[in-house]
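Summary of the model geometry
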Amino acid sequence: MEQKQMDRDLKTRHISMIAIGGSLGTGLFMASGAIVSQAGPGGALVAYMLIGVMIYFLMTSLGELATFYPVSGSFSAYAQRFIDPAAGFTVGWMYWIIWSLVASIDIITAAKVLSYWDTFSGVSSLVWCFVFLALLFLLNAFSVKSFGEAEYWFSFVKVITIILFLIMGVLMIFGIIGGEPVGLKNFTAGEAPFVNGTLGLLGVLVVAGFSFGGTEVVAVTAGESDNPQESMPKAIKQVFWRILIFYIGSIFVIGALLPYTDPRLLNEASDVAMSPFTLIFEKIGILFAASIMNAVILTAVLSAGNSGLYATSRLLHSLSQDKQAPAFLGRLNKRNMPFNALLLTTALIIITIIYAHIDMGGYSKLLNMLGTLVLIVWAISVFSHFRLRAAIKAQNRDIHELLSYQAPLHPIGDILVIGTVLFLLIGQSSADIMALNWPKLVESVTPIIIAVGSYIIYKVVRKTKVIPLNEIDLSKHHINN
């Protein structure tokens, strides 16, 4: 019986916008002010530039893998084919947990954002959670095209908002609108441009690294792209420049227009009225600035939740195809969608949402582990790319014949990404190590222990081995897994 394949209905415009939208979320809209406050405008800019370079090399490595081996649920497939089946098992299930939890918190956040308006505050947030989950489920259940279109327009709203913010911000800096020209005086006020020295920069690096989480989702879309050889390289180039401009540009505008000493920048209550975007729109004199930003943030979190449901269902499908998950999760429905995988992910999200409403403390501990899990997935994925290149060299194959897209500056890019990931893993725990905060340290180390434990247990049970470089499959007959 011929195996059913998923439809390749994602166009280049979908994939480009999904890649951009994947990392433009509440981290930029809500947390960017706190970053300027803690490290100063100069420290924040340097942090985002450094992380931006790392993200570029991460994306070029993933782009090369995705054009050579465009499968849906790519991370587990890459690790399985180029490292070891046990690595594929570990990264696949880790990424499923990551995005199931991210989708859950995005839906919960969307419900909180909606309660900002009095009209909706009378309805329980749990009800709104299920309404939003039903909406995202329907967008993912019918066809990949409906997911792609929804994500395109979700991301479009965010991109337009940031472009308007940047244009208006520059006009304010020069005094063309909003009164007297501000110039760059806030870059030299007090301790600026660099506040709290090296420690301030280190703390912001970790936050900046996590802010870019989601960019890698573009690799998961390769299996349903109508032309991955064209769309993936194009998406990667666009992502690097647009995200760098959006993040660096936004941080520059915030640092120029709002002094780092402004207490509102810390926004510890995560109040949309304290978002630096809202504060600057209000300075310009835009009526209902908070309501406008609230609507954009609602779009942002729904977009992230939409990407989460998509990525998790494809990963489960990929794991099932590789016999690392139950067979029923690999079946496609009449519309060639991994419906069973989508149902299982939705069930976990429902359980997580209910748990979050019962015990918020326990849920926040899970969220603290998410950053570590993402870093592990990044490291394993880049190591998969390193192994692909090493296998091509070991087997004396023609790189130009095999790879239609080649990551620049290899192996420098892979080394830089893995080095940065290790730095971030240590950096996120540096304050807890110095303070000997054992409960927090245990939270930080637990995901690493789970990942290593999963790898070892699968390896022992299935008796797998690291694939020798000269035995790695460099043919393209697996493309339509």
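An account of the accompanying structure is given in this report. The model shown is predicted, which means the values in this text are computed figures rather than measured ones.

**Concerning the overall build of the chain**
Looking only at helices and strands, the chain features 19 helices and zero strands. Its C-alpha atoms give the chain a radius of gyration of 22 Å, near enough to 23 Å, the size a compact globule of 481 residues would have. Here the chain holds 481 residues, and 56% of them are scored as buried. Considering only intrachain contacts with a sequence separation of at least 6, the fraction spanning at least 24 residues in the chain is 82%. Total accessible area on the chain is roughly 19,400 Å²; 68% of this is exposed by carbon and sulfur atoms.

**Side note on the packing of helix 3 (residues 32–68) against helix 11 (residues 228–257)**
In the contact formed by helix 3 and helix 11, the axes pass within 9 Å of each other and the chain directions differ by 175 degrees. Compared by their axis directions, helix 3 and helix 11 come out roughly antiparallel. Across the contact of helix 3 with helix 11, the residue classes break down as 20 nonpolar, seven polar and no charged.

**Some points on the environment of F423**
Examined against the element boundaries, F423 turns out to sit in helix 17 (residues 412–427). Setting aside residues no more than four positions away along its own chain, F423 makes contact with L202 and L205.

**Re the packing of aromatic side chains**
Here the structure, examined in full by the defined rule, presents 20 aromatic pairs. Summarising the aromatic geometry, the rings of F137 and F339 are spaced 5.8 Å apart at their centres and angled 65 degrees between planes, so their arrangement reads as edge-to-face. Here F137 is found in helix 7 (residues 125–141), whereas its partner F339 is found in helix 14 (residues 339–358), with 202 residues between them in sequence. Judged by its relative accessible area of 27%, F339 is partly exposed. Members of the aromatic cluster, connected to one another through ring pairs, are F29, F165, F277 and F281. Between the NZ or CZ atom of R81 and the centre of the ring of Y69, over which it lies, the distance is 4.3 Å.

**Examining the environment of S303**
Inspection of the secondary structure puts S303 in helix 13 (residues 289–321). Residue S303 is classed as buried on the basis of its relative accessible area of 1%.

**With respect to the nonpolar core**
Grouped together as the largest cluster of nonpolar side chains are 136 residues, with contacts concentrated most on Y95 and I98. Broken down by element, this core gets its largest block of residues, 17 residues, from helix 3. Here I98 is in contact with L370, L373, V374 and V377, once residues within four sequence places are set aside. The next biggest cluster of nonpolar side chains, apart from the first, holds six residues, and it includes W96, L319, A325 and L329.

**Let's talk about helix 7**
Given a rise of 1.5 Å per residue, 17 residues ought to cover 24 Å, and the 24 Å separating the end C-alpha atoms of helix 7 matches this to within 8%. Structurally, helix 7 contributes buried residues whose contacts are with helix 5 (85–114), helix 6 (118–121), helix 8 (144–173), helix 13 and helix 14. By the N-cap criterion, in which a side-chain oxygen at the helix start approaches the backbone nitrogen of a residue two or three places on, helix 7 is capped by S124, the distance to L126 being 3.2 Å.

**Observations regarding the pattern of salt bridges**
Applying the stated criterion across every chain, the model contains four salt bridges. Between D473 and R81 there is a salt bridge; the shortest N-O distance is 3.8 Å. Pair noted here: D473 is in the segment after helix 19 (438–462) and R81 is in helix 4 (residues 74–82), with a separation of 392 residues, a long-range link. Owing to a relative accessible area of 24%, D473 belongs among the partly exposed residues under this scheme. Across the pair R264 and D262 runs a salt bridge, and its minimum N-O distance is 2.9 Å.

**Remarks on the side chain of D106**
Counting through the fold element by element, D106 comes out in helix 5. No salt bridge is formed by the buried D106; its nearest oppositely charged neighbour, K158, is found at 8.8 Å. Ignoring any residue separated from it by four or fewer positions in sequence, one finds D106 in contact with V301, A304 and G305.

**Structural notes on a nonpolar patch on the surface**
On the surface, W153, F156, I160, I163, L164 and I167 cluster together into a nonpolar patch covering about 530 Å² of accessible area. Along the chain, I167 turns up in helix 8.

**Some details on the packing of helix 4 against helix 13**
In the contact formed by helix 4 and helix 13, the axes pass within 8 Å of each other and the chain directions differ by 30 degrees. Residue-level inspection shows F75, S76 and A77 of helix 4 in contact with helix 13, the latter providing L315, S318 and L319. When grouped by side-chain class, the residues that make up the contact of helix 4 with helix 13 number four nonpolar, two polar and no charged.

What counts and what doesn't
Residues numbered from 1 in each chain as written. Predicted model: local features only at pLDDT ≥ 70, side-chain atom pairs only at ≥ 80, totals over all residues. Heavy atoms only, no water. Helix = DSSP H or I, 4+ residues; strand = E, 2+ residues; numbered from the N terminus. Rg over C-alpha atoms; globule rule 2.2 N^0.38 Å. Buried < 20%, exposed > 50% of the residue type's maximum accessible area, 1.4 Å probe, protein only. Contact = heavy atoms within 4.5 Å. Areas by Shrake-Rupley, 256 points an atom, 1.4 Å probe, with all protein chains shown as cover. Axes fitted to C-alpha atoms, helices over the stretch in contact; angles between N-to-C directions. Parallel < 35°, antiparallel > 145°, perpendicular 65-115°, else oblique. Nonpolar A, V, L, I, M, F, W, Y, C, P; charged D, E, K, R; others polar. Phe/Tyr/Trp six-rings, centres within 6.5 Å; stacked < 30°, edge-to-face > 60°. Lys NZ or Arg CZ within 6 Å of the ring centre and 35° of its normal. Core = buried A, V, L, I, M, F, W, Y, C linked by side-chain atoms within 4.5 Å. Expected span 1.5 Å × (residues − 1). Polar contact = N/O pair within 3.5 Å; in protein donor to acceptor, adjacent residues only side chain to side chain. Salt bridge = Lys/Arg side-chain N within 4 Å of Asp/Glu carboxyl O. Lys, Arg positive; Asp, Glu negative; His and termini not counted. Patch = residues over 30% accessible without salt bridge, like charges linked within 9 Å, V, L, I, M, F, W, Y side chains within 5 Å.

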